[in-house]
Amino acid sequence: MAFLVTASFAQQKKVTGVVTDKKTHSPLAGVTVQSKKQMVTTDTSGRFSITTAVGETLVFSYVGMKALNVPVTASTDNLTLDLEVSESDLTQVVVTGYKSERKVDLTGAVSVVNLSTVKNSTTSSPMLALQGHVPGLYIQTDGSPTGGNGGAPTILIRGVNTLGNTNPLYIIDGVPTTRYENFANLNTSSISSIQVLKDASASSIYGSRASNGVIIVTTKNGATDNKTHIQFNTSITRQTEKPWQEDLLSSYDRGVALWRAAVNDGTDPNNTVNQIYRYDWNGDYSKPALNKVLIAPFVGATNNNAPQPPYDPFVGPYSGTDSLEPAANTNWQDALYKPATVISGDLAISGGSSKSGFLMDFGYYDNSGLIEFTRYRRYNAKINSHTSAFNDKLKFGENLEISRTSQVNSTTDVGGAPTPELSLTLPPTIPLYKTDGTYGGPRGAGYSDRNNPVDMQYLNRFNTRGQLLVIGNAYIDFEIIKSLVFHTSVGFDYSDALAKNAALIGDEGPVRSFNSFGQQQAKDFTITWTNTLSYNLQFGKSRLNLLAGTEAIKNDFSTFGANTTVFALQDQSYLQLSAGVGAQTNNGSASGFRLFSQFGKAFYGYADKYLASFTIRRDGSSRFGTNNPYGVFPAFTLGWRINNEDFFKGINFVSNLKLRAGIGTVGNQEIGNLSSFTILQPNYGTSSPQFPLWLNTGSAYDIYGVNTGSLPSGFVQIQKGNPDLKWESTKETNIGLDFGFLNETITGSFDYFSRKTSDILIQPPVAAALGEGQQQYVNGANVDNKGWEFVLSYNHKSARGFTYAITGSASHWADKVTSLPDNVRPAYPGDANHSIVGHSRFSIFGYETNGIFQSSQEAMDAPTQPGVLDGTLAGAGRLRYVDIAGVDSLGHLTGPDGKIDANDQTWLGTTLPKIEFGINIDVSYRNFDLSIFGSGVTGKTGFDPIKQLNSFVQARSNFGPGTLNAWTPENTGSSTPALSLLNHNGEDRISNYYYVNASYFKLRNVSLGYNFSKNIASKLKMESLRIYVSGQNLFAIKSKDFTAKDPERVNSLALWPVPTSYTIGLNANF
Amino acid sequence: MKYNSIKILLAAVIFFSMGCKKFLDYKPQGALSASDLTTPAAADGLATAAYAGIANDWWDAPITSMWEYSSIRSDDAYKGGGDIGDQQQMDKYEQFYLVNSSNNGAGDFGFPGTWIRAYGAISRINNALRALHNLTDDEFPERTSRIGEMHFLRGHMYFLLKVMFRNIPWFDETLTNDEILQVSNTMSNDELWDKIAGDFQAAIDSLPETQPGQPGRANQLSAKAYLAKVRLYQAYTQDDNYTVVGIDQAKIQEVISLTNDVINSGQYALNSDFAYNFLDGHDNSPESVFAIQYSINDGTTIGGRLSMSTSLNYFAGAPQYGCCAFHVPSQNLVNAFQTDKNGLPNFDHFNDVALKDADLTANGVTMDPRIDHTIGIQGHPFKYDPLIPYDHSWERLAGVYGGFGTMKELQLASCPCFKKLGPFYGTSVNMDVIRYDDVLLMNAEAQIQSTSGNLQTALNEINQIRTRAAASTELLKKTDGTFPSNYKIDIYKPGVNIPVWDKATAFKALQWERRMEFAMESPRFFDLVRWGIAEPTLNAFFAVEKTRHPFLSSAHFTHGTHEYFPIPQEQITFTNGLYKQNPGY
């Protein structure tokens, strides 16, 4: 109170001063100076005069400069202030390819990421924090800690050009890597900048590996102010999947749905699932009425003693040794998922002078796992340093990032079903726990061979996947003569992954007959030696930058694994390879690639108006055939900074206007290391990757009939070579406009691009007649990709420290396969009469439905289809498929032919969105800052797995409550087809019944921060202190057709739902 | 300083212009190229891999046991499993509502995968043949034999494809990949049979009569037996509507001559007990003419080259098992084991009454003893173990498929040949492709169908089979030493227990005998199609069986379509429509 009183009676005073640019020390004109009473701007000599009061704060703001707050004291006057260039300014220097350049000089499509978006991210990776923020960068994740259940999320830059691997190339402090984790494991506070090179003209300097786009990450490298800076960030997050949980049937209601299905099929419901459900009903198939569902009070019929007849689960245990368990009403989602706690923290220490600098950064991330017994943990350390000698002519430096991750992921059951799927499909009558406290499971008649998912996670708990990653480089810059710099860098990228696989014996459902433990190690080492020579020249109004370089990349990959069976104990400490007493097997392999490149770059700028850049790269790769190892990738761009033209001088509201245009070619070599070779291998006893537990694919055979022991073995072909294999290349045209109005209050950019990818590398399936190991990589298809990106920001600063910024972005891309060799065509949707050519490669090919037959007569009058009239409803309530076409005797398509068959399939949309959009609102007022971010997609067609779960019943699984509202003769309004256990209409076929509009908008992040005042911070010996709370994935708006609660839970029930999270965090600077 | 600068600059320039061919050289590790496979050992290895190739399967798309494609499509068995939708592709096979191959509903599961695997095996065989052709007998003394073996294996794979799909692309090792892609499936039915027969003839021409110590290899006699099988199928001339329009006497004579060679060789004989054909410890018995060799604990990844094509067929609720109860004997099959007062099949009235547990006892209706080798019946010893009586509680969906259990392809969990792999089970017991009982019955069938055949020989051969069946009861006893069923089986005695042994009677007896002898082993559907009686037999079967098992209420067999599977749609697509789809699909 006293303070307020003092303030309100504070004495008014006039303050004068001068504002200069901190770097150039030249006066700054037009700087806004604000007090409570007044707002003035500086004159041409940087001077100002303003009325204020003691206790107030003066705010100095200027476009492109960091705002400055100056508290007014009694002695405040004759101020001399330096304003510092803010990082997001046009003059920002960014690295775009072996060289840094000013952002204003950029002529390609480059998104410079606003780092505030990743700063307070609680995700496991800075990449996940970028979701929706960068136009043209599309990220699709699941709810697991890494966004891809242990692997990388789907990352696409400007859609998909190739038909194969779509992962972008990462350049981390100059070291190229395709390993997503190298980026994911960086602490966000150590990142200095992230650039996304989207078009060929920007990325072609990276040549053969740039066609999926390039993400350049530069980490911080010390300070220059002779001070030591300490930054500490920490946060704690609570994640829950509850808001996204799907509704499923209870034990009782599941019985009702199964009864209805059996009655519809004309089969006796008491004989359908009679080990679990029996029914008290009127027995009248034409007017069925259900009085009561009787649930078998017990689950399970088996133990190791032969049961004695008569066995009846409705009667119960019949001898003391039988392990029958009471039936339950389990919510398997509640059982499998638990709230997860995510703790993250990092400590960055940096310092230095104009000659030397260093950064040390230590981070910790621990996600306790949304699914029982899963976990993700990471430790990482970063050490960057640099120094110089000989009058700064020689610079030395290194960047090093070491990270160690350890994770236990979601698993599958003994038969291969993923646990997230089981949490939706396992019958609720199965108890989570038996009465003796051990895990319950499906046992006995009426149940499937699926396991209790929680038990499976429990048995999987020792299956850690550990990975050690080291990436970094050491470099020397040598200024040979003025402006001529020779740079050499040796970079390395090392991954050592060790996966432990303990297949333990459980005690419910199908159990393994023996346990086993295996370890699989994969080592991957890439060394990159880069040499460049660069020369900068300035004459008159011209600037010329030249660069030439070479790069040699050597990658070696090896695996080594061993497995032992039969362990006496199932303890983590006992599970060592030598402790098993059963069969022992081992495996190992080696592979690698070499890449040698020469490249050059020339930039010319005239009067900051006209910009031109030319790059070229020649790559040689060991991955290609002996006939075509080399590829050349040129690019040319032009830029015109229109606002610097004389005729623009008077137009004050335009602060920036730049037109960019570029063409370029990039390549792709993301195929197997040995794709050009024909390979035969002595596969003694390998099994199929698809069914590793069951399907031998090896070459050993018991020719002597001895039944056991070592067998004679031979060789099998596993791949057919192609010595003509060559680069896949993408030609791209990009036209862009950058603009800024009203002193950069409104900024934005628009890019249009068109890219044509040709000679796409693909390994098409072949006619089975060719046999085993006959698949080969070929250069085949061509794909066109067109699109645009648009980003618009509005920045507002008002009096009293209220500022806000709104940024909206949208991007669109559409691909079209333009040609496809006949031998490649079968790899894509479609058939002999419906070629994917002319369609997106993500097209869905299937049947159209048109409602439901309301009567048997309707079904009889409709185009014929085997099985549709089966059951007591004789076609009523069945899905009506549209008769589109038939074929004539030559196999050519005709019009509708009165029958539904494979010829009636058509294109149903694409699984990737037409438009992705995001909106970001940042507000700050005094000490508070608020940030709201949401993003979404439109024009996406997706498989709605929950609709399937709500439409179709199976005697062995659970399903959704939608089944209770399915079509019956009494409930004809329903859009859900009549329940059936027979499915003689084949309603599981791909159709637009459940490939529906999957557009959505998600509120991804709301964050509120409070910055403690300098006074309080300094009392705590800090430079600044901020605390914040945030919520992620708060709600979704989605298409009505899409019934899954989480619109990102598309295509598969095996995905983790993306959880809702709440975070509290702290940022401190010392 | 200046001097150093120049040196570095020079070095940089040299580096920039340096060649890099050598740096880019990278050769595959731990692998071979085709040119490495020129040695006898390598060619022999390719031949061994070809043997492995005919056995690399499991139930998703078998190329060994044909239970999914024959047994459940015939009157012998139901699909079984957890419900009608469990592996629904098989329900479509069983009830004949498969719309077409792209609506298989299970990806490559089922016949499309079998097509792929069979041609995969053929490619291994052709690779081996190419390598063998490049050697001489001097370099590799076993070369001729190996060539014969490869022809045998190729004939075996094509035979399997032929009986499933009828119209298949046929080619041999002389074609390049480009040429193979030009081969359509439009070769005439007879020519195709001749091609398959040609492989077996080539095998006969180059194989030794026996392969001592190497029972896994084909020999001349096994090739003769298989060629007889091919000619027997070919002899029933089919028109384009799959109607049998005649018996090719030349082919019939060939069957007689070939099977006579095998029978007269003295190398094979019936086992003393029928049970040995289905039990561990009797692999490569005298009755086994050619078998797929399985092994256990042999250092392979899954713990053995195990027989996995029938691994779905263990009982859901039985001790030590747990899944998945597929391949359930039909009521019709159970009834078919019924014998009349003379111990002969109850040809005309076997299916009048559905035999239940109470009928199948020591005092019940008279039965052929082979029922207790073939079918699990309530309270009867399971798999020759009187301590483990078969129990209904083992059945998985009793209300739909319940009543009985399959047995021949199963092994006891206590068997050293048995391994549990996840929810499935494998055994190392061999799977016979041709047995001596089959050779005898092929000879008998040919004698009956021949215009100049010897019906007496046929009678003797059928009676040999029945005599052995009658003698195969020792292992069927319960713990108290009594038999679980009322066995009564006799040989055919014309004029005594049958009025006359004429051609019609003999053929009826032959058809019945084949069903009893090979019940649940899967030749049944292929036999019915060969004889041209699939449509009447199956629709008559459905008409009665659906009153006992309502899930069959919609089942119906269409003549001219359902005799064969469709050509997998993807294969038609892969060849741009070069392959012609079978009629009706």
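What you are looking at is a predicted structure, and each value in this text was computed from that prediction instead of being measured.

Asker: Teacher, can you tell me more about the overall build of chain B here?
Answerer: Across its full length, chain B carries 19 helices and 14 strands. In terms of overall dimensions, chain B is globule-like: its C-alpha atoms have a radius of gyration of 27 Å, near the 25 Å expected for 585 residues. Counting only C-alpha atoms and orienting by the principal axes, one finds that chain B spans roughly 115 × 55 × 50 Å. Burial statistics for chain B: of 585 residues in total, 66% are counted as buried. In chain B, of all internal contacts separated by at least 6 residues, the share reaching a separation of at least 24 is 72%.

Asker: For this particular structure, what's the right way to read the overall build of chain A?
Answerer: The secondary structure content of chain A amounts to 12 helices and 54 strands. A compact globule built from 1070 residues would reach a C-alpha radius of gyration of about 31 Å, and chain A, at 33 Å, matches this within 12%. Projected onto the principal axes, the alpha-carbon positions of chain A cover approximately 100 × 80 × 70 Å. By the burial criterion, 56% of the 1070 residues in chain A qualify as buried. At a minimum sequence separation of 6, the contacts of chain A that also span at least 24 residues come to 69%. Just so you have it, chain A exposes about 41,400 Å², and 57% of that area is on carbon and sulfur atoms.

Asker: Got a minute to help me understand the nonpolar core in this structure?
Answerer: Soluble globular proteins: nonpolar side chains tend toward being buried together. Counting residues in each nonpolar core, the largest one holds 188 residues, and the members touching the most others are Tyr119(B) and Met150(B). It is helix α6 (residues 143–165) of chain B that contributes the most residues to this core, 12 residues altogether. Apart from residues lying up to four places away in sequence, Tyr119(B) is in contact with Ala768(A), Ala769(A), Gly771(A), Tyr158(B), Leu161(B), Ile168(B), Pro169(B) and Phe171(B). Tyr279(A), Val293(A), Val454(A) and Trp1056(A) belong to the second largest nonpolar core, which has 36 residues in total.

Asker: Got a minute to help me understand the sheet that holds strand β15 (residues 191–197) of chain A in this structure?
Answerer: Residue and element names in this part refer to chain A. What the five strands build is an open sheet, ordered β10-β15-β16-β13-β14; its pairing is mixed. Since the sheet does not close on itself, it has two edges, and those belong to β10 (110–112) and β14 (175–177), each with one partner. Averaged over neighbouring strand pairs, the angle between their axes works out to 20 degrees when direction is ignored.

Asker: Where do I start with the pairing of strand β47 (residues 906–910) of chain A in this structure?
Answerer: Every regular strand shows the same layout, with side chains that alternate between the two sheet faces. Residue and element names in this part refer to chain A. Of all five residues that make up β47, four are buried, and the element is covered over most of its length. Two strands pair when backbone bridges link them, and strand β42 (residues 843–846) and β47 are joined in this way by three bridges, in the antiparallel orientation. By the bridge assignment for β47, serine 843 is matched with threonine 910.

Asker: Quick question: what am I supposed to make of the pattern of salt bridges here?
Answerer: Side chains that differ in sign of charge can pair as their charged atoms come close. One pass over the structure, following the stated rule, counts 72 salt bridges over all chains. One salt bridge connects Arg158(A) with Glu789(A), and the closest N-O pair in it is separated by 2.7 Å. Taken together, the residues span a long stretch of sequence, with Arg158(A) in the loop between β12 (154–157) and β13 (169–172) and Glu789(A) in strand β40 (residues 782–797) at a distance of 631 residues. In this structure, Arg158(A) and Glu789(A) share a single accessibility class: buried. A salt bridge links Asp527(B) to Arg530(B), with the shortest nitrogen-to-oxygen separation between them at 2.4 Å. Here Arg530(B) and Asp527(B) lie together in helix α17 (residues 524–531), a separation of three residues that amounts to about one turn. Judged by its relative accessible area of 3%, Asp527(B) falls in the buried class.

Asker: Explain the interface of chain A and chain B to me, please; I cannot follow it from the model alone.
Answerer: Accessible area lost upon the coming together of the parts serves often as the stated size of an interface. At the interface, 115 residues of chain A touch 113 residues of chain B. At the boundary of chain A with chain B, total buried surface from both sides reaches about 9,500 Å², with 63% on carbon and sulfur atoms. Across the contact surface, chain A and chain B share two salt bridges. A salt bridge links Arg124(B) to Glu772(A); its shortest N-O distance comes to 2.6 Å.

Asker: Can you help me understand the packing of aromatic side chains in this one?
Answerer: A ring pair, where both rings are aromatic, is described by two values, the distance of the centres and the angle of the planes. Evaluation of the coordinates by the stated rule reveals 94 aromatic pairs over all chains. Taking 5.8 Å as the distance between ring centres and 55 degrees as the angle between the ring planes, the aromatic pair formed by Phe647(A) and Phe648(A) counts as tilted. Look at Phe647(A) and you get exposed, because its relative accessible area is 55%. What makes Phe648(A) buried here is its relative accessible area of 13%. Arranged with centres 5.6 Å apart and planes meeting at 80 degrees, the rings of Phe152(B) and Tyr226(B) form a pair that is edge-to-face. Remark: Tyr226(B) occurs in helix α9 (residues 220–235) and Phe152(B) occurs in helix α6; sequence separation between them is 74 residues. Connected via pairs of aromatic rings, a cluster forms that spans Tyr69(B), Tyr93(B), Phe111(B), Trp115(B), Tyr119(B), Tyr158(B), Phe165(B), Trp170(B), Phe171(B), Phe565(B) and Tyr579(B). Note that Arg989(A) overlies the ring of Tyr847(A), its terminal NZ or CZ placed 4.6 Å from the centroid.

Asker: Would you mind going over the packing of helix α2 (residues 40–53) of chain B against α6(B) with me for this structure?
Answerer: Packed helix pairs are specified by the crossing angle of their axes together with the interaxial distance, meaning the distance between the axes. All names here are of chain B. At a minimum axis separation of 10 Å, α2 and α6 run at an interaxial angle of 25 degrees. One finds that α2 runs roughly parallel with respect to α6. Classified by chirality, the crossing of α6 by α2 is left-handed. When α2 is examined against α6, the residues Asp44, Ala47, Ala50 and Tyr51 are found in contact with a partner set consisting of Arg146, Glu149, Met150 and Leu153.

Asker: What is the right way to read the packing of α2(B) against helix α5 (residues 111–133) of chain B from this model?
Answerer: Residues and elements named next belong to chain B. Where α2 contacts α5, the two axes come as close as 8 Å, and the packing angle between them is 165 degrees. As summarised for this structure, α2 and α5 are arranged roughly antiparallel, according to the angle between their axes. The two elements α2 and α5 meet at a crossing, and its hand is left-handed. Residue-level inspection shows Ala43, Leu46, Ala47, Ala49, Ala50, Ala52 and Gly53 of α2 in contact with α5, the latter providing Ala121, Arg124, Ile125, Asn127, Ala128, Ala131 and Leu132.

Asker: Looking at this model, I keep getting lost on unusual backbone geometry. Mind explaining?
Answerer: Phi at Asp608(A) is positive, roughly 55 degrees, even though this residue is not glycine. Note that Asp608(A) resides in the loop between β30 (584–606) and β31 (610–621). Of the residues examined, Asp608(A) reaches a relative accessible area of 27% and is grouped as partly exposed. Positive phi, normally seen in glycine, also occurs at Ser522(B), with a value near 95 degrees. With respect to the helices and strands, the residue Ser522(B) is situated in the loop between α16 (503–517) and α17. Taking the relative accessible area as the measure of exposure, Ser522(B) reaches 3% and is therefore buried.

Asker: Just to check I follow, could you spell out the state of the cysteines for this structure?
Answerer: One covalent bond between the sulfur atoms of two cysteine residues makes up a disulfide. All names here are of chain B. By the definition in use, this model includes one disulfide over all chains. Through a disulfide, cysteine 415 is tied to cysteine 417; the S-S separation comes to 2.1 Å. Here the disulfide of cysteine 415 and cysteine 417 is right-handed, its torsion about the S-S bond being about 125 degrees. For cysteine 415, a relative accessible area of 13% translates into the label buried.

Asker: For this particular structure, what's the right way to read the environment of Gly773(A)?
Answerer: Residues and elements named next belong to chain A. Mapping glycine 773 onto the fold places it in the loop between β38 (761–762) and β39 (778–779). Owing to a relative accessible area of 15%, glycine 773 belongs among the buried residues under this scheme. If near-sequence neighbours (up to four positions away) are discounted, glycine 773 is found in contact with Gln717, Ile718, Gln719 and Lys720.

Asker: Would you take a moment to explain helix α4 (residues 88–95) of chain B for this structure?
Answerer: Residue and element names in this part refer to chain B. α4 sits mainly inside the fold: eight of its eight residues count as buried. Buried within α4 we find Gln88, Gln89, Met90, Asp91, Lys92, Tyr93, Glu94 and Gln95. Summarising the contacts, the buried residues of α4 are in contact with α3 (67–71), β1 (77–80), α5, β5 (326–329), α13 (398–401) and α18 (534–548). Phenylalanine 96 sits one or two residues past α4 and shows a positive phi near 55 degrees.

Asker: Can you help me understand the side chain of Gln245(A) in this one?
Answerer: All names here are of chain A. Relative to the elements of secondary structure, glutamine 245 occurs in the loop between β17 (228–240) and α6 (251–265). A distance of 3.1 Å separates a polar atom in the side chain of glutamine 245 from a polar atom in the side chain of glutamate 241. Here the side chain of glutamine 245 touches aspartate 334 through a polar contact of 2.9 Å, side chain to side chain.

Conventions we followed
- Residues numbered from 1 in each chain as written.
- Chains lettered and ligands numbered in written order.
- Predicted model: local features only at pLDDT ≥ 70, side-chain atom pairs only at ≥ 80, totals over all residues.
- Heavy atoms only, no water.
- Helix = DSSP H or I, 4+ residues; strand = E, 2+ residues; numbered from the N terminus.
- Rg over C-alpha atoms; globule rule 2.2 N^0.38 Å.
- Buried < 20%, exposed > 50% of the residue type's maximum accessible area, 1.4 Å probe, protein only.
- Contact = heavy atoms within 4.5 Å.
- Areas by Shrake-Rupley, 256 points an atom, 1.4 Å probe, with all protein chains shown as cover.
- Core = buried A, V, L, I, M, F, W, Y, C linked by side-chain atoms within 4.5 Å.
- Pairing = 2+ DSSP bridges.
- Axes fitted to C-alpha atoms, helices over the stretch in contact; angles between N-to-C directions.
- Salt bridge = Lys/Arg side-chain N within 4 Å of Asp/Glu carboxyl O.
- Buried area = accessible area lost by both parts, 1.4 Å probe.
- Phe/Tyr/Trp six-rings, centres within 6.5 Å; stacked < 30°, edge-to-face > 60°.
- Lys NZ or Arg CZ within 6 Å of the ring centre and 35° of its normal.
- Parallel < 35°, antiparallel > 145°, perpendicular 65-115°, else oblique.
- Left-handed = near helix turned anticlockwise from the far one by under 90°.
- Disulfide = S-S within 2.5 Å.
- Polar contact = N/O pair within 3.5 Å; in protein donor to acceptor, adjacent residues only side chain to side chain.

Treat this as a map of the structure, not an account of what it does.
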